[in-house]
Amino acid sequence: MKVRVSEVMQTSGVGFGTSGARGLSDQMTDYVCYVYTRGFLQYLESGTGLQKGSDVVVAGDFRPSTDRIMAAVGRAIVEMGYGIVNGGKVPSPTVALFGLRHGIPAIMVTGSHIPADRNGIKFNTAAGEILKQDEAGIKDQVVVIADGMFDASGSFADGCTALPAVASRVRDQYVDRYLQFFSSSALSGKRIGIYQHSAVGRDMLVDIFRGLGAEVTPLGWSDTFVPVDTEAIRDEDVAMARHWAAEHGFDAIVSTDGDSDRPLIADETGQWLRGDVAGILCASYLGADSVSTPVSCNTALEKSGLVAEVRRTRIGSPYVIASMLEAIEAGRKAVVGYEANGGFLTATDIVKAGRTLAALPTRDAVILLLAIILLADEKGKSISETVAELPARYTASGRLKEFPTAESRAILERFCSGDEGADRKAAEAVFGQAFGPVASLDRTDGVRITFESQEVVHLRPSGNAPEFRCYNEAASQGRVAEMNRICMAILGELRG
């Protein structure tokens, strides 16, 4: 039987999100995962000259469905004539780094921050994350399926082949990346809380921070999956961080999302930093001369004057990566990028204090966590004082769950008639009573409405789940929180 990958996407409900496939776990059958993986490898064979017999590194997160999906991915790899390096349960940037260092494809089974009943597969070529043009090539692949391989439910009729033993060198290489770039006493005297929950990199964070001299206190370990979203932090996580900070007197509390590519960092009071503020501080510490970041991120970056060049992109790491490559071609030497979720990317090697941090052009959490703590230390200030030095621009975001993409797009179409004057009036009709006259509309990704007050409402369907997201920006923390509450109420009414 022959099947095109794009056909499987349509019939299974498992489509491409950021850097790979995403869907409900029960939709991600052995059949679907097998087809996706074969399509990915076939695309590499035709486009990059991937040679039979080479290795593919595979890893996953702590979701209940991950082991089964890893096994299905592994069977596709072996049957296509490739070897497997089993990275085990490690962060997404860990498996990506190993692939980059060894010049082999890397596959990560993870649903990132979304609920445990969903999962996904992230695909990385030997050069890094797949880009949008790669997605098109994978979708077009035709995969041959042997008769009788799958039963009616999409499970393997004869079971999966077991993966090889876990290769500890995958994990070790990532930990050593930071222990070798920073001094072994870099965090000496620092009291750090590590909120572990179900993050796949929870124990690696402890090893890295202790290895750099910090006094570490592990917190909040969980044996069930916790969907920590670094763009929409849960109320219970806000409360826990404040409690821990007051109880322990930490210099910082650090954490990540499920696959540990998106960071969370709280200051000494237990206040979680927004990812787009954290990204500014990290770029400053690393001495970046070009920053690529989505249009949804805080404009304090431009207002701060800390970076020579700012490039605004659509939301999603493939767009950030494409922009960073353009910056390199234009001659920039220290090129980085970050997203509102805090994920930080380095497209070029970074040199600091005579040591070199090799490029890692995929979302990473650890570099940002360390950079902010060390930037504050260089300044002789607390993290909250360091954040306070930035221009007073604050962001907030919220999401409406179980919001079908079609409904989201119907709302956006109200402001996309093609007549700019009419679109501004339409935006004012919905939001004007709360936020005043509209100054401009930006449709780089979704609809970003800037009012004459310089306050911002940015509406966009999620690319990973049936959710509608709203991003806001204002001149004070209280005001932006109020804006987000108002927007969530308005969108709820529009939904009907």
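First things first, this report covers the structure right here in the doc.

Definitions and limits used
Residues numbered from 1 in each chain as written. Predicted model: local features only at pLDDT ≥ 70, side-chain atom pairs only at ≥ 80, totals over all residues. Heavy atoms only, no water. Helix = DSSP H or I, 4+ residues; strand = E, 2+ residues; numbered from the N terminus. Rg over C-alpha atoms; globule rule 2.2 N^0.38 Å. Contact = heavy atoms within 4.5 Å. Areas by Shrake-Rupley, 256 points an atom, 1.4 Å probe, with all protein chains shown as cover. Lys, Arg positive; Asp, Glu negative; His and termini not counted. Charge placed at Lys NZ, Arg CZ, Asp CG, Glu CD. Salt bridge = Lys/Arg side-chain N within 4 Å of Asp/Glu carboxyl O. Buried < 20%, exposed > 50% of the residue type's maximum accessible area, 1.4 Å probe, protein only. Axes fitted to C-alpha atoms, helices over the stretch in contact; angles between N-to-C directions. Left-handed = near helix turned anticlockwise from the far one by under 90°. Nonpolar A, V, L, I, M, F, W, Y, C, P; charged D, E, K, R; others polar. Expected span 1.5 Å × (residues − 1). Pairing = 2+ DSSP bridges. Parallel < 35°, antiparallel > 145°, perpendicular 65-115°, else oblique. Phe/Tyr/Trp six-rings, centres within 6.5 Å; stacked < 30°, edge-to-face > 60°.

Focus: the overall build of the protein
Item 1. Scanning the protein from terminus to terminus reveals 16 helices and 25 strands.
Item 2. In terms of overall size, the protein behaves like a compact globule, its C-alpha atoms giving a radius of gyration of 22 Å where 496 residues would be expected to give roughly 23 Å.
Item 3. The long-range share in the protein, meaning contacts at least 24 apart out of those at least 6 apart in sequence, stands at 68%.
Item 4. By element, 49% of the accessible surface of the protein is carried by carbon and sulfur atoms, the whole surface being about 18200 Å².
Item 5. Counting 50 positive and 62 negative side-chain charges, the protein places the averaged centre of each group 2 Å from the other.

Section: the pattern of salt bridges
Item 1. In this structure the tally under the stated criterion is 37 salt bridges.
Item 2. Across the pair R234 and E236 runs a salt bridge, and its minimum N-O distance is 3.0 Å.
Item 3. Assessed through its relative accessible area of 41%, E236 is described here as partly exposed.
Item 4. The partner of R234 in a salt bridge is D237, with the nearest N and O atoms 2.9 Å apart.
Item 5. Members of the salt-bridge network, linked through shared partners, are K122, D259, D261, E339 and R363.

Quick look at the packing of helix α7 (residues 202-211) against helix α12 (residues 366-379)
Item 1. The contact between α7 and α12 brings their axes to 12 Å, and the two run at 35°. In this structure, the crossing between α7 and α12 has a hand that is right-handed. Taken together, the residues of α12 that come into contact with α7 (itself represented by L205, I208 and F209) are V366, L369, L370 and I373.
Item 2. Its residues assigned to classes, the contact of α7 with α12 shows seven nonpolar, no polar and no charged.

Observations concerning helix α9 (residues 275-286)
Note: α-helices contain 3.6 residues per turn, so residues at a spacing of three or four share the same orientation.
Item 1. Over its 12 residues, α9 runs 16 Å from end to end, which matches the ideal 16 Å to within 8%, given 1.5 Å per residue.
Item 2. Counting buried residues in α9 gives 11 out of 12 residues, a clear majority hidden from the surface.
Item 3. Positive phi appears at G287, one or two residues downstream of α9, with a value of about 70°.

What to know about the pairing of strand β22 (residues 438-442)
Item 1. Sheet topology note: the β22/strand β23 (residues 447-451) ladder contains four bridges and is antiparallel. Looking at the pairing, D442 lines up with R448 of β23.
Item 2. A loop of four residues connects β22 with β23, the two strands running antiparallel in sequence, and G446 in this loop sits at a positive phi of about 75°.

Here we look at the sheet that holds strand β16 (residues 335-338)
Item 1. Taken in spatial order, the five strands of this open sheet run β15-β14-β16-β17-β20, and their pairing is mixed. Edge strands, defined here as strands with exactly one partner in the open sheet, are β15 (309-313) and β20 (360-364). Neighbour-to-neighbour, the strand axes of the sheet open up by a mean angle of 20°, direction not taken into account.
Item 2. Summarising the sheet, β16 and strand β17 (residues 344-346) pair through three bridges and their orientation is antiparallel. Looking across to β17, one finds that Y338 is bridged to F344.

Remarks on the packing of helix α2 (residues 30-47) against helix α3 (residues 66-79)
Item 1. Between α2 and α3, whose axes approach to 8 Å, the crossing angle comes to 45°. With respect to α3, the axis of α2 lies oblique. Read as a crossing pair, α2 and α3 show a hand that is right-handed. Contact with α2, carried on its side by D30, C33, Y34, T37, R38 and L41, involves R68, I69, A72, V73, R75, A76, I77 and E79 of α3 and no other residues of that element.
Item 2. Here the residues of the contact of α2 with α3 are counted per class, giving eight nonpolar, one polar and five charged.

Structural notes on the sheet that holds strand β24 (residues 456-461)
Item 1. In spatial order, the strands read β21-β25-β24-β23-β22; together these five strands make up an open sheet with antiparallel pairing. The strands lining the two open edges of the sheet, one partner per strand, are β21 (394-400) and β22. For this sheet, the mean angle separating the axes of adjacent strands, direction not counted, is 15°.
Item 2. Contacting β22, β23 and β24, helix α15 (residues 420-435) crosses the sheet at an angle of about 120° to β22.

Quick word on the packing of aromatic side chains
Item 1. With the rule as written, the count across this model stands at 13 aromatic pairs.
Item 2. Measuring from centroid to centroid gives 5.2 Å for F403 and F468, while their planes differ by 40°, and the two rings are tilted. You can see F403 sitting in the loop between β21 and α14 (405-412) and its partner F468 sitting in strand β25 (residues 468-474), a full 65 residues away along the chain.
Item 3. Among the residues examined, F403 registers a relative accessible area of 0% and is labelled buried.
Item 4. Seen from their ring centres, F435 and F451 are 5.5 Å apart, and the 55° between their planes marks the pair as tilted. In this pair, F435 is assigned in helix α15 and F451 in strand β23, connecting sequence segments 16 residues apart. No difference in accessibility class separates F435 from F451, as the two residues are buried.
Item 5. An aromatic cluster of three or more residues is present, and its members are Y31, Y34, F150 and F156.

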